[in-house]
Amino acid sequence: MSDIGVFEAGEPGFDARDLRVVKAIADTGSITRAAAQLGYSQPAVSQLVRRMERRLGVALVERVGRGVRLTEAGRVLARHAGVVTTALDAAAGELADLRGLRAARVRLMAFPSASPTVVPRLLADLALQHPGIALTYVEAEPPEAVQAVRDDRTDIALTFSYPGDREDPHGSSARGLAVRALGTDDLLAVLPAAHPAVGRGVVDVATLADDDWIAGCPRCRGHLLELCGRAGFAPRIAFETDNFVAVEGLVAQGIGVATLPRMAVESFPQLPGVAIVPLPEGEQRTLHAVTARGSERVPAVRATLAALSRLVGPGGLRALGGGASHT
């Protein structure tokens, strides 16, 4: 008789613990690191893998130099592990709700301008409404955050997209995941205070055709090219930086003009010599929450998504500001 138990014909020969072990090996590339991630000893993980291989009749890992990698059979199990463990976590969460237990952990990834704006308010909101939820946070651009959801390295990715994005992370890369539009974030013109367009109320991008431009992150740069293309010109990009504080510093010195989302502008005090001017209505980015399908059944994830909707939904972003004054 097996020391794990007898598996009847037709049973899969593995359980949720086995799937978590295989997934951890896939994520870390090492049995030792997988054991540390799961809180097991290295010999225990090695023994679990050997038992699983005996039951399944196929090898799951193979030696590569000093490390290991999954075989094709191991990769099959790892590919399904995220979906299965998410479903199990959802069931456990619902049962915890029934028992009145509220302790839970939610992993969040979000883009840089959300770090000083949305994330602190989210932590405060959850502390007030759901004190049992422990939120962990990692900063990442949308493509990396979406991939982290797929790899089960985060529960929620707060992302953004621009109209006409050529490389929209919510397209093919998010296939099979749940994508929710939460709200919009206006795009603003960032100009030197002495610029002739300041004081007009709203600036037409076409009037900036002769200016040097400061571009942001790769996806923001792509949108800048699309925005200026619609206005009939190709922007003359003099500098590129994904640091929005640096963007304002360059503008303040008269190096060029730029566009920034409202969240970025309102996350720090406006620098002297800079004017913030609205662009025409409709120039904005959409904010999304990306999760594994079915993850909203996990009570802690559902509560965090609801809090995000309150913070970045209609009217929510305006309340996040206060750092910048606008011309």
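See above for the structure.
Because the structure is a prediction, the values reported are computed rather than measured.

Engineer: Before we go on, may I ask you to explain the overall build of the chain in this structure?
Structural biologist: When helices and strands are tallied, the chain shows 11 helices and 11 strands. The proportion of buried residues among the 327 residues of the chain is 46%. For the chain, the computed accessible surface area is about 16000 Å², with 53% contributed by carbon and sulfur atoms.

Engineer: Is there a simple way to explain the nonpolar core in this structure?
Structural biologist: The nonpolar side chains of soluble globular proteins are, as a tendency, buried together. The biggest cluster of nonpolar side chains holds 45 residues, and the ones touching the most others in it are L108, V118, L122, I156, L158, W213 and L308. Looking at this core, the element that brings in the most residues is helix α10 (residues 299–312), giving 8 residues. Counting residues in each nonpolar core, the second largest holds 19 residues, with V21, V22, A34 and M52 among its members.

Engineer: Teacher, can you tell me more about empty space enclosed by the protein here?
Structural biologist: Sizing a probe to match a water molecule and rolling it over the atoms shows the empty space that remains. Taken as a whole and assessed by the stated rule, the structure comprises 2 cavities of 30 Å³ or more. Space inside the largest cavity adds up to approximately 290 Å³. What lines the largest cavity is a set of 25 residues, among which G216, C217, C220, L260 and P261 lie closest to the centre. Within the lining of the largest cavity, the residues separate by chemical class into 16 nonpolar, 6 polar and 3 charged.

Engineer: Help me out: how do you make sense of the packing of helix α1 (residues 16–28) against helix α3 (residues 42–56) in this one?
Structural biologist: Each pair of packed helices can be summarised by the angle the axes make with each other and by the distance between the axes. Interhelical geometry of α1 versus α3 gives an angle of 115° and a closest axis separation of 10 Å. In this view, α1 runs roughly perpendicular relative to α3, as classed from their interaxial angle. Seen along the crossing, α1 lies across α3 with a hand that is left-handed. Packed against α1, whose contacting residues are R17, D18, V21, V22 and I25, the element α3 presents V45, L48, V49, M52 and R55 at the interface. Here the residues of the contact of α1 with α3 sort into 7 nonpolar, no polar and 3 charged.

Engineer: How do you make sense of the side chain of D18 when you look at a structure like this?
Structural biologist: When you line up the elements, D18 lands in helix α1. The class of D18 is buried, set by a relative accessible area of 2%. One polar contact links D18 to R55, side chain to side chain, over a distance of 2.8 Å.

Engineer: When you look at the pairing of strand β3 (residues 104–110) in this model, what are you seeing that I'm missing?
Structural biologist: On a regular strand, each side chain points to the face opposite its neighbour's, so the side chains alternate between the two faces of the sheet. Across the 7 residues of β3, 5 count as buried, placing the element largely inside the fold. The sheet contact formed by β3 and strand β4 (residues 133–139) spans 7 bridges and is parallel. Looking at β4, one finds that R105 is bridged to A134. Pairing analysis gives 3 bridges linking β3 to strand β5 (residues 156–161), with the strands arranged parallel.

Engineer: Looking at this structure, I do not really get the packing of aromatic side chains. What am I missing?
Structural biologist: Centre-to-centre distance and the angle between the planes together describe a pair of aromatic rings. Within the structure shown, the criterion is met by 4 aromatic pairs. Taking the centre distance of 6.5 Å and the plane angle of 35° together, the rings of W213 and F233 count as tilted. Of this pair, W213 sits in strand β7 (residues 212–215) while F233 sits in the loop between α7 (218–230) and β8 (236–240), and the two are 20 residues apart along the sequence. On the basis of relative accessible area, W213 is assigned to the buried category, the value being 0%. In this structure F233 comes out as buried when scored by relative accessible area, which is 14%. Ring centres 6.0 Å apart and planes at 20° place the aromatic pair F244 and F268 in the stacked group. Residue F244 is found in helix α8 (residues 244–252), and its partner F268 is found in the loop between α9 (262–265) and β10 (274–278); the two are separated by 24 residues along the sequence.

Engineer: I keep staring at the pairing of β10 and nothing clicks. Help me out?
Structural biologist: Along β10, 4 of the 5 residues are buried, which leaves the element largely enclosed by surrounding structure. Sheet topology note: the strand β6 (residues 177–192)/β10 ladder contains 5 bridges and is antiparallel. What sits directly across from A189, in β10, is V277.

Engineer: What is the right way to look at the environment of L108 in this model?
Structural biologist: As for its position among the elements, L108 is in strand β3. For the pair formed by L108 and T304, sequence separation is 196 residues and the distance between their alpha carbons is 9.3 Å. Excluding residues within four positions of it along the chain, L108 makes contact with V119, L122, L135, T136, Y137, V138, T154, I156, L158 and L308.

Engineer: How should I be thinking about the pattern of salt bridges in this particular structure?
Structural biologist: Side chains that differ in charge, positive against negative, can pair when their charged atoms come close. Counting across every chain of the model gives 15 salt bridges. In this structure, R55 and D18 form a salt bridge, with 2.8 Å as the shortest nitrogen-oxygen distance. Remark: D18 occurs in helix α1 and R55 occurs in helix α3; sequence separation between them is 37 residues. Through salt bridges with shared partners, one network takes in R107, D152 and D155.

Cut-off values and rules
- Residues numbered from 1 in each chain as written.
- Predicted model: local features only at pLDDT ≥ 70, side-chain atom pairs only at ≥ 80, totals over all residues.
- Heavy atoms only, no water.
- Helix = DSSP H or I, 4+ residues; strand = E, 2+ residues; numbered from the N terminus.
- Buried < 20%, exposed > 50% of the residue type's maximum accessible area, 1.4 Å probe, protein only.
- Areas by Shrake-Rupley, 256 points an atom, 1.4 Å probe, with all protein chains shown as cover.
- Core = buried A, V, L, I, M, F, W, Y, C linked by side-chain atoms within 4.5 Å.
- 1 Å grid on protein atoms, 1.4 Å probe; cavity = no way out; pocket = protein on both sides within 12 Å on 5 of 7 lines; lining within 4 Å.
- Points joined across faces, edges and corners; volume = space filled by probe spheres on them.
- Nonpolar A, V, L, I, M, F, W, Y, C, P; charged D, E, K, R; others polar.
- Axes fitted to C-alpha atoms, helices over the stretch in contact; angles between N-to-C directions.
- Parallel < 35°, antiparallel > 145°, perpendicular 65-115°, else oblique.
- Left-handed = near helix turned anticlockwise from the far one by under 90°.
- Contact = heavy atoms within 4.5 Å.
- Polar contact = N/O pair within 3.5 Å; in protein donor to acceptor, adjacent residues only side chain to side chain.
- Pairing = 2+ DSSP bridges.
- Phe/Tyr/Trp six-rings, centres within 6.5 Å; stacked < 30°, edge-to-face > 60°.
- Salt bridge = Lys/Arg side-chain N within 4 Å of Asp/Glu carboxyl O.

Everything listed here is a matter of coordinates, which is why it stays silent on function.
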